[in-house]
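Topology and contacts: notes
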Number of protein chains: 2
Amino acid sequence: MTTNNLVLSGTITRSRRFKSPAGIAHSVIMLEHKSQRYEADMLRNVYVQIQVILSGPRFESVAEDLKAGVEVQVQGFMTLQQGRNGQNRLVIHAENVELKT
Amino acid sequence: MTTNNLVLSGTITRSRRFKSPAGIAHSVIMLEHKSQRYEADMLRNVYVQIQVILSGPRFESVAEDLKAGVEVQVQGFMTLQQGRNGQNRLVIHAENVELKT
């Protein structure tokens, strides 16, 4: 019961980079997704805004390209994270990222 | 830029069914997912609790089985939904569901 895989494309609206105390490089982007899907034979609008965390050396070569306005597709797993305001929110931990712009 | 696909397994913690004014059958379940993943060479705990909406006739045959305690795998798309408390939250709209119990 461990399946947890998400593939989501969208536009970066915010982006920041930092190194953790352990020296691991992280990029954190806000991804905005807009699309339309059929559900029960009705076309509906789909909107997602979600934080994506890209951790470790595998993302260092692409980190500089992850700027606001760039279109990307990310693949990874979802997890609940406690935000600074103490509220839980769902975020994506990326395992792969593709630049689409 | 329309890719939005999520596959998530977990245990149903809550479940309800209703028909919309248009007569469409809906099931709404709360899905709890617990697993572990490697990220930047470190094993981390992964926890998700998310609402899953199953709309339309394709789910009617399985609706009765979607009870608390049952393990399922759902495939669908994510979207932002305004909750009753006015807060936005991410939910899954299912396109397929598999019973795993």
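The preceding data block contains the structure.
Remember, it's a predicted structure, so these values are computed and weren't measured experimentally.

Cut-off values and rules
- Residues numbered from 1 in each chain as written.
- Chains lettered and ligands numbered in written order.
- Predicted model: local features only at pLDDT ≥ 70, side-chain atom pairs only at ≥ 80, totals over all residues.
- Heavy atoms only, no water.
- Least-squares fit on C-alpha atoms with pLDDT ≥ 70 in both.
- Contact = heavy atoms within 4.5 Å.
- Pairing = 2+ DSSP bridges.
- Helix = DSSP H or I, 4+ residues; strand = E, 2+ residues; numbered from the N terminus.
- Buried area = accessible area lost by both parts, 1.4 Å probe.
- Salt bridge = Lys/Arg side-chain N within 4 Å of Asp/Glu carboxyl O.
- Polar contact = N/O pair within 3.5 Å; in protein donor to acceptor, adjacent residues only side chain to side chain.
- Nonpolar A, V, L, I, M, F, W, Y, C, P; charged D, E, K, R; others polar.
- Patch = residues over 30% accessible without salt bridge, like charges linked within 9 Å, V, L, I, M, F, W, Y side chains within 5 Å.
- Areas by Shrake-Rupley, 256 points an atom, 1.4 Å probe, with all protein chains shown as cover.
- Lys, Arg positive; Asp, Glu negative; His and termini not counted.
- Charge placed at Lys NZ, Arg CZ, Asp CG, Glu CD.
- Buried < 20%, exposed > 50% of the residue type's maximum accessible area, 1.4 Å probe, protein only.
- Core = buried A, V, L, I, M, F, W, Y, C linked by side-chain atoms within 4.5 Å.

A few words now on the relation of the copies chain A and chain B. Its rotation angle being 180°, the transformation that places chain A on chain B also includes 0.0 Å of axial translation and leaves an RMSD of 0.0 Å. Put plainly, the chains are arranged around a two-fold axis. In terms of C-alpha distance to the rotation axis, chain A has Leu6(A) as its closest residue, with the C-alpha 2.1 Å off the axis. Comparing contact sets, 100% of the residues at the interface of chain A also lie at the interface in chain B, consistent with an isologous, same-surface contact.

Before going further, it helps to spend a moment on the pairing of strand β1 (residues 4-19) of chain A. Remark: a regular strand shows side chains that alternate across the two faces of the sheet. In terms of strand pairing, β1(A) meets strand β1 (residues 4-19) of chain B through five bridges, oriented antiparallel. Note that in β1(B) the partner of Leu8(A) across the bridge is Asn4(B). When β1(A) meets strand β4 (residues 71-82) of chain A, the two strands line up antiparallel, connected through six bridges. Bridging from a neighbouring strand, Gly10(A) pairs with Val72(A) of β4(A). Bridging between β1(A) and strand β2 (residues 25-39) of chain A involves eight bridges; their strand directions are antiparallel. Across the sheet, residue Arg16(A) finds its bridge partner in β2(A), namely Val28(A). In this antiparallel pair of consecutive strands, β1(A) and β2(A), the connection spans five residues, and Gly23(A) shows a positive phi of 85°.

A separate point is the interface of chain A and chain B. Contact with chain A, which involves 39 residues of that partner, is made by 39 residues of chain B. Of the roughly 3,400 Å² buried where chain A meets chain B, counting both sides, 57% is carbon and sulfur surface. For chain A, the biggest contributors to the area lost against chain B are Met1(A), Thr3(A) and Arg37(A); these three give 20% of the whole. Put simply, chain A and chain B have two salt bridges between them. A salt bridge links Arg37(B) to Glu95(A); the nearest nitrogen and oxygen atoms lie 3.2 Å apart. There are 20 residue pairs in polar contact (both at pLDDT 80 or more) connecting chain A and chain B. Elements supplying a minimum of two residues to the side of chain A that touches chain B: β1, β2, β3 (42-55), β4 and β5 (88-99) of chain A. Per element, the largest residue contribution to the side of chain A that touches chain B is nine residues, and it comes from β3(A). Of the residues belonging to the side of chain A that touches chain B, the class tally is 17 nonpolar, 15 polar and seven charged.

Our next topic: a positive patch on the surface. Together, Arg14(A), Arg16(A), Arg84(A) and Arg89(A) line one region of the surface with positive charge. According to the relative accessible area criterion, Arg14(A) is exposed, its value standing at 54%.

To continue, consider the nonpolar core. The nonpolar side chains of a soluble globular protein tend to be buried with one another. In terms of nonpolar packing, the biggest core is built from 40 residues, with Val72(A), Met78(A), Val72(B) and Met78(B) touching the most fellow members. Look past the residues within four positions of Val72(B) in its chain and what remains in contact with it is Met1(A), Leu8(B), Ser9(B), Gly10(B), Ile12(B), Ile29(B), Leu31(B), Leu66(B), Val97(B), Glu98(B), Leu99(B) and Lys100(B).

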